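Spelled out, the chains give:
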Amino acid sequence: MKYRIQSMLYHLTIILEAVIGIFLILGVAFSILGLAFSLDFLHLTNNPSDITQYLSLVATIVLSIEFTKMLCTHSLDSVVEVLSMAIAREIIAHETTLLQNLIGVIAIAILFLVRKYCYVSKLDKQEGTHRSLARDTLHDFVRRSAASMEKGAADEAADAEKTMGAENSL
């Protein structure tokens, strides 16, 4: 019973991750459309400070795409990529001091060092083995639910048979 509840919760979280990924992709698609329609080259050339806002939007969209990939792949490599993109976005898009830029660059360097020297590929999923969230999870969930229903029906039939046997003996 405990395993069945844990398994059901695990599969539910995978389905929720897929739903969040779908909403995130829809948001990214609408953001790209909004970005394309809001692009005004004359305004950007006359007011160079608006380029920072534009870069911030582009970096946010790229970060959202990387985050969606991380949700789908569940690999250590994608986590490092998302963290490095987030730090790079903060450095590029916001007006930061020299010390904050230095800390950001050091943080990215540490992430790359961790990726190069501390990353054990055997602990991570093999390249090219992405799980099919919808197919595997839903198939397994439906299979387990059907097996559970069959077992429940068999248990009820056995209980009814015992009850009838007890009544007949009286």
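Up top is the structure.
Residues numbered from 1 in each chain as written. Predicted model: local features only at pLDDT ≥ 70, side-chain atom pairs only at ≥ 80, totals over all residues. Heavy atoms only, no water.

S.K.: Quick question: what am I supposed to make of the packing of helix H4 (residues 76-93) against helix H5 (residues 98-118) here?
M.R.: Angle between the axes and distance between the axes are the two parameters that describe a pair of packed helices. Put simply, H4 and H5 touch, their axes get as near as 9 Å, and they point 165° apart. By the criterion of interaxial angle, the relationship of H4 to H5 is roughly antiparallel. Considering the relative orientation of H4 and H5, their crossing is left-handed. Counting all contacts with H4, which are made through Asp77, Val80, Glu81, Leu83, Ser84, Ile87, Ala88 and Ile91, the residues of H5 involved are Asn101, Gly104, Val105, Ala107, Ile108, Leu111 and Arg115. Residue composition of the contact of H4 with H5, grouped by class: 9 nonpolar, 3 polar and 3 charged. (Axes fitted to C-alpha atoms, helices over the stretch in contact; angles between N-to-C directions. Helix = DSSP H or I, 4+ residues; strand = E, 2+ residues; numbered from the N terminus. Parallel < 35°, antiparallel > 145°, perpendicular 65-115°, else oblique. Left-handed = near helix turned anticlockwise from the far one by under 90°. Contact = heavy atoms within 4.5 Å. Nonpolar A, V, L, I, M, F, W, Y, C, P; charged D, E, K, R; others polar.)

S.K.: Could you clarify how one ought to interpret a nonpolar patch on the surface in this entry?
M.R.: Taken together, the side chains of Val19, Ile22, Phe23, Leu26, Phe30, Leu33 and Phe37 define a hydrophobic patch exposed on the protein surface, amounting to about 790 Å² of accessible area. Secondary-structure assignment places Phe30 in helix H1 (residues 2-38). Relative accessible area serves as the criterion here: at 60%, Phe30 is assigned to the exposed category. (Patch = residues over 30% accessible without salt bridge, like charges linked within 9 Å, V, L, I, M, F, W, Y side chains within 5 Å. Areas by Shrake-Rupley, 256 points an atom, 1.4 Å probe, with all protein chains shown as cover. Salt bridge = Lys/Arg side-chain N within 4 Å of Asp/Glu carboxyl O. Buried < 20%, exposed > 50% of the residue type's maximum accessible area, 1.4 Å probe, protein only.)

S.K.: Could you clarify how one ought to interpret H4 in this entry?
M.R.: In an α-helix, one turn spans 3.6 residues, which is why side chains three or four residues apart end up on the same side. An ideal rise of 1.5 Å per residue puts 26 Å on 18 residues; H4 measures up with 26 Å between its terminal C-alpha atoms. Within H4, the full set of buried residues consists of Ser78, Val80, Val82, Ser84, Arg89 and Ala93. (Expected span 1.5 Å × (residues − 1).)

S.K.: Explanation requested: the packing of helix H3 (residues 50-73) against H4 in the structure shown.
M.R.: The contact between H3 and H4 brings their axes to 9 Å, and the two run at 170°. By the criterion of interaxial angle, the relationship of H3 to H4 is roughly antiparallel. On the side of H3, the interface is formed by Thr52, Leu55, Ser56, Ala59, Thr60, Val62, Leu63, Glu66, Phe67, Lys69, Met70 and Thr73, while H4 contributes Ser78, Val79, Glu81, Val82, Met85, Ala86, Arg89, Ile92 and Ala93. When grouped by side-chain class, the residues that make up the contact of H3 with H4 number 12 nonpolar, 5 polar and 4 charged.

S.K.: Hey, could you run me through the environment of Glu90 in this one?
M.R.: Tracing the backbone shows Glu90 in helix H4. Overall, Glu90 belongs to the partly exposed group, its relative accessible area being 39%. For the pair Glu90 and Ser56, spaced 34 residues apart in sequence, the C-alpha separation works out to 8.5 Å.

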